[in-house]
Amino acid sequence: MQLLKDRIQQDGIVMEGNVLKVDSFLNHQMDVTLFNEIGKEFARRFAGCGVNKILTVEASGIGIACITAQHFNVPVVFAKKSKTKNIAGEVYTSRVVSYTHGREYDIMVSKRFLGPADRVLLIDDFLANGAALLGLAEIVEASGATLVGAGIVIEKGFQPGGKLVRDRGIRVESLAVIASMDEKNGITFA
Ligand code: 5GP
């Protein structure tokens, strides 16, 4: 998606530890007009797949998921990050290692909001090592819902997540795939 790539080139900042900072338009301040184009593109790519629910993880996935959901006319469920153990039986849970913070946390979704009748599209801002997506996929599987695929805004193609998730048979559509990035030479796209 050229509009997105141009914006990443213009405003993205390459940080230490293979982190791309895009907080001026994606995950702190949010450019909603850009989000709308992102949502439109996800809707185009997953048209005819019967998506009836969008699943993301708090916090930075929520804004993108909500604008995307308007193009599918479906509800959004976001997995909550929890520090406390929840009562077994009421929620689906999965353990995820955070890319940006390096620590483990549990994500959870109430069993009331996901079930066998659902055809789920996962949405997230970044794909790096794949932990967040695989955690969400595990929750979808546990619920008996059908996983249609995953829509990712920025995939860091030089990290293993994309291959890992696709090797599980999950369809991943990334709107910008970064082939390489470093502080000196900047960003190149795949
Ligand atoms: P993964 O679980 O695929 O390793 O990482 C995905 C999650 O880590 C995303 O939800 C995102 O919040 C965060 N993340 C991974 N890489 C980056 C990055 O380069 N920049 C930012 N801002 N967040 C990232």
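In case you missed it, the structure is sitting above this.
Okay, so let's go over this structure. Everything numeric in this text was worked out from a predicted model, so none of it was measured.

### Some remarks on the site of the ligand
Lining the immediate environment of the ligand, one finds 17 residues, of which Leu20, Ala128, Asn129, Gly130 and Lys156 sit closest. The contact in question runs from a nitrogen atom of the ligand to an N or O atom on the backbone of Leu20, over 2.8 Å. A distance of 2.8 Å separates an oxygen atom of the ligand from a polar backbone atom of Ala128. Coverage of the ligand by the protein amounts to 89% of the 510 Å² it exposes when considered alone. Secondary-structure elements contributing two or more residues to the shell around the ligand are β2 (19-21), β7 (119-127) and α4 (131-143). It is β7 that provides the largest number of residues to the shell around the ligand, a total of four residues. For the shell around the ligand, the residue count by class is eight nonpolar, six polar and three charged.

Thresholds, definitions, all that
Residues numbered from 1 in each chain as written. Predicted model: local features only at pLDDT ≥ 70, side-chain atom pairs only at ≥ 80, totals over all residues. Heavy atoms only, no water. Near = heavy atom within 4 Å. Polar contact = N/O pair within 3.5 Å; in protein donor to acceptor, adjacent residues only side chain to side chain. Areas by Shrake-Rupley, 256 points an atom, 1.4 Å probe, with all protein chains shown as cover. Helix = DSSP H or I, 4+ residues; strand = E, 2+ residues; numbered from the N terminus. Nonpolar A, V, L, I, M, F, W, Y, C, P; charged D, E, K, R; others polar.

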